[in-house]
Amino acid sequence: MDIGTFRGVMTLLIMIAFLGVVAWAFSRRRRDDFDEASRLPFADDDEAPDRVRDKPEDNDA
């Protein structure tokens, strides 16, 4: 196998992987998940219990 054949095979594999990612991203089964993720920036901060709000930091040392 020469370098040209190797590069052609690698190009084909990468193109198939790219088309697979595109198909996954635009599939109808994933639409609800992506719609929910698109609304995350507008979610209320009170819904995130792991985030501490208005906590003073002790950097006076």
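Residues numbered from 1 in each chain as written. Predicted model: local features only at pLDDT ≥ 70, side-chain atom pairs only at ≥ 80, totals over all residues. Heavy atoms only, no water.

### Notes on the overall build of the chain
Next, step 1: Helix and strand content of the chain: two helices and zero strands.
Next, step 2: Looking at the chain as a whole, 2% of its 61 residues qualify as buried.
Next, step 3: Of the accessible surface of the chain, which amounts to about 6,300 Å², a share of 58% is contributed by carbon and sulfur atoms. (Helix = DSSP H or I, 4+ residues; strand = E, 2+ residues; numbered from the N terminus. Buried < 20%, exposed > 50% of the residue type's maximum accessible area, 1.4 Å probe, protein only. Areas by Shrake-Rupley, 256 points an atom, 1.4 Å probe, with all protein chains shown as cover.)

### Overview of the packing of aromatic side chains
Next, step 1: Taken as a whole and assessed by the stated rule, the structure comprises one aromatic pair.
Next, step 2: On the basis of an interplanar angle of 85° and a centroid distance of 5.6 Å, the ring pair of tryptophan 24 and phenylalanine 34 is categorised as edge-to-face. Taken together, the positions of tryptophan 24 in helix α1 (residues 3–25) and phenylalanine 34 in helix α2 (residues 31–38) put the pair 10 residues apart, joining distant regions of the chain.
Next, step 3: In this structure, arginine 30 packs its charged tip against the face of phenylalanine 34, placed 5.4 Å from the ring centre. (Phe/Tyr/Trp six-rings, centres within 6.5 Å; stacked < 30°, edge-to-face > 60°. Lys NZ or Arg CZ within 6 Å of the ring centre and 35° of its normal.)

### Side note on the pattern of salt bridges
Oppositely charged side chains can pair when the atoms bearing their charge come close.
Next, step 1: By the definition in use, this model includes one salt bridge.
Next, step 2: The shortest N-O distance in the salt bridge between aspartate 33 and arginine 30 comes to 3.3 Å.
Next, step 3: By relative accessible area, which is 38% here, aspartate 33 ends up partly exposed. (Salt bridge = Lys/Arg side-chain N within 4 Å of Asp/Glu carboxyl O.)

### What to know about a nonpolar patch on the surface
Next, step 1: There is a patch of nonpolar side chains on the surface, built from Met1, Ile3, Phe6, Val9, Met10, Leu13 and Ile14 and spanning about 730 Å² of accessible area.
Next, step 2: Within the secondary structure, isoleucine 14 is located in helix α1.
Next, step 3: Since its relative accessible area comes to 56%, isoleucine 14 is described here as exposed. (Patch = residues over 30% accessible without salt bridge, like charges linked within 9 Å, V, L, I, M, F, W, Y side chains within 5 Å.)

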